[in-house]
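Spelled out, the chains give:
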Amino acid sequence: MEQNIKVIQTGELLSQVVTLKYDGYRLVAISATAKEGIELTYSFDKEYDFINIRLEIDGETEIDSISSLFSYAFLYENEIKELFGAKIKNISLDFNNQLYRIPVQTPFAKKEEKA
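What this report covers is the structure whose coordinates are included nearby. Note that the structure is predicted; figures quoted are calculated from it, not measured. (Residues numbered from 1 in each chain as written. Predicted model: local features only at pLDDT ≥ 70, side-chain atom pairs only at ≥ 80, totals over all residues. Heavy atoms only, no water.)

What follows concerns the environment of Asn-90. The residue Asn-90 is located in the segment after β6 (87–89) in this model. With 16 residues separating them along the chain, Asn-90 and Phe-74 place their C-alpha atoms 9.6 Å apart. (Helix = DSSP H or I, 4+ residues; strand = E, 2+ residues; numbered from the N terminus.)

With that settled, consider the sheet that holds strand β3 (residues 38–46). Pairing between sheet strands relies on hydrogen bonds along the backbone, with the strands arranged either parallel or antiparallel. Ordered in space as β1-β4-β3-β2, the four strands form an open sheet in which the pairing is mixed. The open sheet is flanked by β1 (4–7) and β2 (26–34), the only strands paired with a single partner. For this sheet the average axis-to-axis angle between neighbouring strands, irrespective of direction, equals 20 degrees. With four bridges connecting them, β1 and strand β4 (residues 49–57) associate as parallel partners. From the neighbouring strand, Lys-6 faces β4, where its bridge partner is Ile-53. Running over the sheet, helix α1 (residues 13–22) touches β1, β3 and β4 and is turned about 170 degrees from β4. Relative to the sheet, helix α2 (residues 73–84) contacts β2 and β3, its axis offset from that of β2 by approximately 5 degrees. (Pairing = 2+ DSSP bridges. Axes fitted to C-alpha atoms, helices over the stretch in contact; angles between N-to-C directions. Contact = heavy atoms within 4.5 Å.)

Nonpolar side chains in soluble globular proteins generally cluster together in the buried interior. The biggest cluster of nonpolar side chains holds 28 residues, and the ones touching the most others in it are Leu-40, Tyr-42, Phe-44 and Ile-66. At the level of secondary structure, the elements contributing two or more residues to this core comprise α1, β2, β3, β4 and α2. Among the elements that make up this core, the one with the highest residue count is α2 (five residues). Not counting residues up to four positions away in its chain, the partners in contact with Phe-44 are Val-17, Leu-20, Tyr-25, Arg-26, Leu-27, Val-28, Asp-49, Phe-50, Ile-51, Ile-53 and Phe-70. (Core = buried A, V, L, I, M, F, W, Y, C linked by side-chain atoms within 4.5 Å. Buried < 20%, exposed > 50% of the residue type's maximum accessible area, 1.4 Å probe, protein only.)

Okay, structure coming up:
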C-alpha cells in the first residue's frame, strides 16, 4: 500500500485537520523529527485509509494546537513541545514543559554545530 503524505504550509494546518475531522477521519499519531528544523507528521485514518499531513517548521515558528479538534492531541503536542522545542500554542491542557522529568531542555532538538 502506498503512503499518502500531503506536504502543507504552516498556515494550512487547522483547515486541513478540520476537513479531515468532518470527513470522518480520526487522529492516529503526531510525530516529530529533527531535521533542518522540525518535521511534523500528523497521521489520520478512516476505514483503513491512512493519510499523513506533513509540515516543516523552524525553531521560531509558532503553530496552532489541534487539541480543540482532537482532544487527545494535547499529549502528542506537549511531548513534541518539550522534547523538540516546537512552539505550539493554544494546547487545551498545556504542561508547560513539565510532562517529563528530564535533566536537559529539548533533548531531541537539532543542536547547533560549533564553527
